[in-house]
Structures are given as structure tokens and as C-alpha cells.
Amino acid sequence: MKKISSSGVNGIIFKFFLKVLLLTALTVAGTSLFFAVIVYKLDLDLKYLEYFSFAAAAISAAVTSYFSVSTFKNNGFVTGILSSLPLIIYSFINLILNGSNIIYFLIKLALILICAGLCGFLSTKKSKKFKVK
């Protein structure tokens, strides 16, 4: 029986986590900048930034998981959730350092997991099998 080679697995995992880290950093910075400009231009109260952070976390999780999981064939939901780990860690550190509300963190966590899982599921390469009679 032929031995299965797993020499390329480490490279794939390293590229995946590198892609996840870069995409997370770029999307968090981009969405935060976008919502900060909206608050500044519309002269809104800074209290609204807490609520915009929910949307920023959801958008960042969705974009990161969609583009990082698209190279895999299956397990898109689980891989999408794995791709959101840096964002979850970032949100947890933000909770500790800024003394934010734990309820806001739990809402962000739920949004991140749902958006990342769904976008990861939608982006996987599913090969359709056709039955030929």
C-alpha cells in the first residue's frame, strides 16, 4: 500500500494562518477607519462607536473567513470559525484593556462566530457530482 505524503501540510497551515492574520489586521483597520470617518463626518456622539464595533467585527469576520477558506474543499464552517480566532483574541484583549462591557463582548463573539462560520461554509469549493445514467 502506498504511503500518504503529508509533507506539504505544514506549508498549507502556515500559509493559512499568515493569510488569516494579514486579512484580519487589514479588515479590522479598514472597517474601524470607515466607521470612524462616518462618526466624524456626521458629527455623532462617540457612544455610537461601541455599536459600530459590532458591525466592524462582523464584517471583518466575514471577509477574513470568506477569502481565507476559499482554498479548502470541505469543512468550511469549522475552518471559517478557526479563521476568526485572531479577531476573537483581539476582541478579548480589547475587553481587558479598555474595561468594556462583557455583554458587548459576548454579542461580538456571537456575531463573529456566526458570520465567520457562514462565510466559510459559503466559500468552500464544493464539487458537484452529477449522476450519469
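Details of the structure are given in the entry above.
If you're wondering where the values come from, they're calculated on a predicted model, not measured in any experiment. (Residues numbered from 1 in each chain as written. Predicted model: local features only at pLDDT ≥ 70, side-chain atom pairs only at ≥ 80, totals over all residues. Heavy atoms only, no water.)

Asks: Could you give me a rundown of unusual backbone geometry, with the residues and numbers involved?
Replies: Although it is not a glycine, D43 adopts a positive phi angle of roughly 55°. Its location among the elements puts D43 in the loop between α1 (9-41) and α2 (48-69). (Helix = DSSP H or I, 4+ residues; strand = E, 2+ residues; numbered from the N terminus.)

Asks: Kindly report on the packing of aromatic side chains, identifying the contributing residues and their values.
Replies: Summed over the entire model, instances satisfying the criterion amount to 9 aromatic pairs. Measuring from ring centre to ring centre gives 5.1 Å for F35 and F52, while their planes differ by 10°; the resulting arrangement is stacked. Remark: F52 occurs in helix α2 and F35 occurs in helix α1; sequence separation between them is 17 residues. Residue classification places F35 among the buried residues on the basis of a relative accessible area of 10%. (Phe/Tyr/Trp six-rings, centres within 6.5 Å; stacked < 30°, edge-to-face > 60°. Buried < 20%, exposed > 50% of the residue type's maximum accessible area, 1.4 Å probe, protein only.)

Asks: Pulling in residues and values, what's your account of the packing of helix α4 (residues 85-98) against helix α5 (residues 102-123)?
Replies: Running from amino to carboxyl end, α4 crosses α5 at an angle of 175°, the nearest separation of the two axes being 10 Å. In terms of their interaxial angle, α4 and α5 are classed as roughly antiparallel. Across the interface between the two elements, L87, I88, S91, F92, N94 and L95 from α4 touch I102, F105, K108, L109, I112 and L113 from α5. Counted by class, the contact of α4 with α5 contains 9 nonpolar, 2 polar and 1 charged residues. (Axes fitted to C-alpha atoms, helices over the stretch in contact; angles between N-to-C directions. Parallel < 35°, antiparallel > 145°, perpendicular 65-115°, else oblique. Contact = heavy atoms within 4.5 Å. Nonpolar A, V, L, I, M, F, W, Y, C, P; charged D, E, K, R; others polar.)

In short, the description is geometric, and any link to function would need to be established separately.
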